[in-house]
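Chain by chain, the residues run as shown.
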Amino acid sequence: MKNADAPWDSFDPIAYVRHNYRFLQAEDEEILHIIRGHFGGYFRKQGVGPVYGIDVGAGANLYPALSMLPWCDEITLFEHSLANVEYLEGQAGGYDENWDPFWNALCEHDAYGSRYLDPRERFRKVVKVEQGNIFGLERFGGRWSVGTMFFVAESMTTSHQEFNLGVRRFMCALAPGAPFAAAFMEHSKGYHAGEEFFPACDVGESHVRASLAPFAGNFEVQRLKSAAGVRDGYSGMILAYGWRRNTDAGIPAV
C-alpha cells in the first residue's frame, strides 16, 4: 500500500495514545535516555541565537517535541492526518498528564533539569501545528536547525522507494550541521490506530543506515536493547541520531 492509499484522516489519535503512550514504556524510556544526551550535549555548547525545530510526522506523539523544547524559539509539529492535527492543536494549549513522565525522563539529564522551565507554558509559547505531507517538505529548503522524525518513514507506506524519499525530505528540511534524531520500527508488518489498519515498510538497520548516509555527516544507528513489546508485528526499534551534513555535494537530485 502506497502512502496516498492509506486512510490517514481516519487515524484514531486517542486510541493510538491509549495503546502506546498512556504510560512511559521501556522502549521510549531508552530512546529518551539517548536523545536527551545527544540534544543536551549539542545545545550546551552552542551560542545564543534563534533555534527552529521540526517534528516531521508528529502524529499523536509529543515526546520528540519535548526533547527539543528547552532550546527552540519555535517548534513545528508537521503532520499529514487531519485527525492528528486536531489532536496536536488540542495538546498545544496544555498537554495531557500522561506526557509528564516523558518530560521527567528528559529532566534526568541536567541540560534539561537545570533550566527550571515550565514545560507546558513553554510548549504553548513555541509550538505550532502545520498540516502537510512529508513529500512536500522540499519547498521549505533547510529551514530548521534541529529535527526529529519518529516512526514515520517506515510507518506510512509499504514502498522502499517512498521510505527512502521520506528520509530524504526530512533530512533536507534541516540546515547544515543541524542535530537530528529519527526512530524506526524494525521489520514492521503494519499497525492499527483504532479500527483502521495502516501500512509499514519492512526495514532493518542496514536500510536505515543506507537511507541516512547521503545526508548525515556523522551519525549513529542502533537497535534498542528493550525487547519488542509495544504491539505485535515488529521485531524491535531502531534509533538514528547525529548531524546533518554540511554539504549536499555528490547527492543525486530527485
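Residues numbered from 1 in each chain as written. Predicted model: local features only at pLDDT ≥ 70, side-chain atom pairs only at ≥ 80, totals over all residues. Heavy atoms only, no water.

Enquirer: Help me out: how do you make sense of the overall build of the protein chain in this one?
Expert: When its secondary structure is counted, the protein chain shows nine helices and nine strands. Taking 18 Å as the expected radius of gyration for a compact globule of 254 residues, we find that the protein chain reaches 17 Å, a close match to that expectation. The C-alpha extent of the protein chain, read off along each of the three principal axes, is 45 × 45 × 35 Å. Counting the 254 residues in the protein chain, one finds 56% classified as buried. For the protein chain, the exposed surface amounts to about 10900 Å²; the carbon and sulfur share of it is 48%. Between the mean site of the 23 positive side-chain charges and the mean site of the 32 negative ones, the protein chain shows a separation of 7 Å. (Helix = DSSP H or I, 4+ residues; strand = E, 2+ residues; numbered from the N terminus. Rg over C-alpha atoms; globule rule 2.2 N^0.38 Å. Buried < 20%, exposed > 50% of the residue type's maximum accessible area, 1.4 Å probe, protein only. Areas by Shrake-Rupley, 256 points an atom, 1.4 Å probe, with all protein chains shown as cover. Lys, Arg positive; Asp, Glu negative; His and termini not counted. Charge placed at Lys NZ, Arg CZ, Asp CG, Glu CD.)

Enquirer: I would appreciate a short explanation of the state of the cysteines in the present structure.
Expert: Chemically, a disulfide is nothing more than a covalent bond linking the sulfur atoms of two cysteines. Scanning the entire structure with this criterion turns up zero disulfides. Cys 72 takes part in no disulfide bond, and the closest cysteine sulfur, belonging to Cys 107, lies 15 Å away. Note on Cys 72: relative accessible area 0%, which makes it buried. Of all cysteine sulfurs in the structure, the one in Cys 172 sits closest to Cys 201, which takes part in no disulfide; the separation is 19 Å. Judged by its relative accessible area of 0%, Cys 201 is buried. (Disulfide = S-S within 2.5 Å.)

Enquirer: Whenever I open this one, the nonpolar core confuses me. Can you help?
Expert: Generally speaking, nonpolar side chains in soluble globular proteins are found buried as a group. Judged by nonpolar contacts, the single largest core of 86 residues is most densely connected at Ile 31, Trp 99, Met 149 and Phe 184. Met 149 has contacts with Asp 55, Val 56, Ile 134, Gly 166, Val 167, Phe 170, Ala 181, Ala 182, Ala 183 and Phe 184, leaving out every residue within four places of it along the chain. (Core = buried A, V, L, I, M, F, W, Y, C linked by side-chain atoms within 4.5 Å. Contact = heavy atoms within 4.5 Å.)

Enquirer: Explanation requested: the packing of aromatic side chains in the structure shown.
Expert: Counted by the stated rule, this structure contains 21 aromatic pairs. Here Tyr 16 and Tyr 21 contribute two aromatic rings whose centre-to-centre distance is 6.0 Å and whose plane-to-plane angle is 65 degrees, an arrangement assigned as edge-to-face. Owing to a relative accessible area of 4%, Tyr 21 belongs among the buried residues under this scheme. The rings of Trp 8, Phe 11, Tyr 16, Tyr 21, Tyr 63, Trp 99, Phe 102, Phe 150, Phe 151, Tyr 191 and Phe 198 are connected pair by pair, giving a single aromatic cluster. (Phe/Tyr/Trp six-rings, centres within 6.5 Å; stacked < 30°, edge-to-face > 60°.)

Enquirer: Explain the environment of Ser 188 to me, please; I cannot follow it from the model alone.
Expert: Within the fold, Ser 188 resides in the loop between strand E5 (179-186) and strand E6 (191-193). In the structure, Ser 188 is positioned 29 residues away from Gly 217 in sequence and 27 Å away in space, judged by C-alpha atoms. For Ser 188, the residues in contact, after removing those within four places along its chain, are Ala 200, Cys 201, Asp 202, Arg 231, Gly 233 and Tyr 234. In this structure the side chain of Ser 188 is engaged in a polar contact, spanning 3.3 Å, whose partner is the backbone nitrogen of Gly 190. (Polar contact = N/O pair within 3.5 Å; in protein donor to acceptor, adjacent residues only side chain to side chain.)

Enquirer: Before we go on, may I ask you to explain unusual backbone geometry in this structure?
Expert: Negative phi characterises most residues that are not glycine, and trans characterises most peptide bonds. A positive phi angle, close to 55 degrees, is found at Phe 151, a residue other than glycine. In this model, His 187 sits at a positive phi of 50 degrees, which is unusual for a non-glycine residue. Turning to its location among the elements, His 187 is positioned in the loop between E5 and E6. According to the relative accessible area criterion, His 187 is partly exposed, its value standing at 32%.

Enquirer: Honestly, the packing of helix H8 (residues 160-172) against helix H9 (residues 205-212) in this entry has me stumped. Any pointers?
Expert: Helix-helix packing is characterised by the crossing angle of the two axes and by the distance between the axes. Here H8 crosses H9 at 45 degrees, and the two axes come no closer than 9 Å. Considered as vectors, H8 and H9 are oriented oblique to each other. Here H8 runs over H9; the crossing is right-handed. Between H8, through His 160, Phe 163, Asn 164, Val 167 and Met 171, and H9, the contact on the second element is made entirely by His 207, Val 208, Ser 211 and Leu 212. The residue makeup of the contact of H8 with H9, split by class, is five nonpolar, four polar and no charged. (Axes fitted to C-alpha atoms, helices over the stretch in contact; angles between N-to-C directions. Parallel < 35°, antiparallel > 145°, perpendicular 65-115°, else oblique. Left-handed = near helix turned anticlockwise from the far one by under 90°. Nonpolar A, V, L, I, M, F, W, Y, C, P; charged D, E, K, R; others polar.)

Enquirer: Whenever I open this one, the side chain of Asn 84 confuses me. Can you help?
Expert: When you line up the elements, Asn 84 lands in helix H4 (residues 82-92). Accessibility expressed as a relative area gives 2% for Asn 84, which makes it buried. Residues in contact with Asn 84, not counting those within four places in the same chain, are Phe 11, Pro 13, Gly 59, Ala 60 and Glu 79.

Enquirer: Whenever I open this one, the pattern of salt bridges confuses me. Can you help?
Expert: Where charged atoms from two side chains of opposite charge approach closely, those side chains can pair. All chains considered together, the criterion is met by seven salt bridges. For Lys 128, the salt bridge is made with Glu 74, and the minimal N-O distance between the two is 3.7 Å. Placement of Lys 128 in strand E3 (residues 127-131) and of Glu 74 in strand E2 (residues 74-79) is noted, with a sequence separation of 54 residues between them. On the accessibility criterion, Lys 128 (32% relative accessible area) is partly exposed. (Salt bridge = Lys/Arg side-chain N within 4 Å of Asp/Glu carboxyl O.)

Interpretation in functional terms is not warranted from these geometric data alone.
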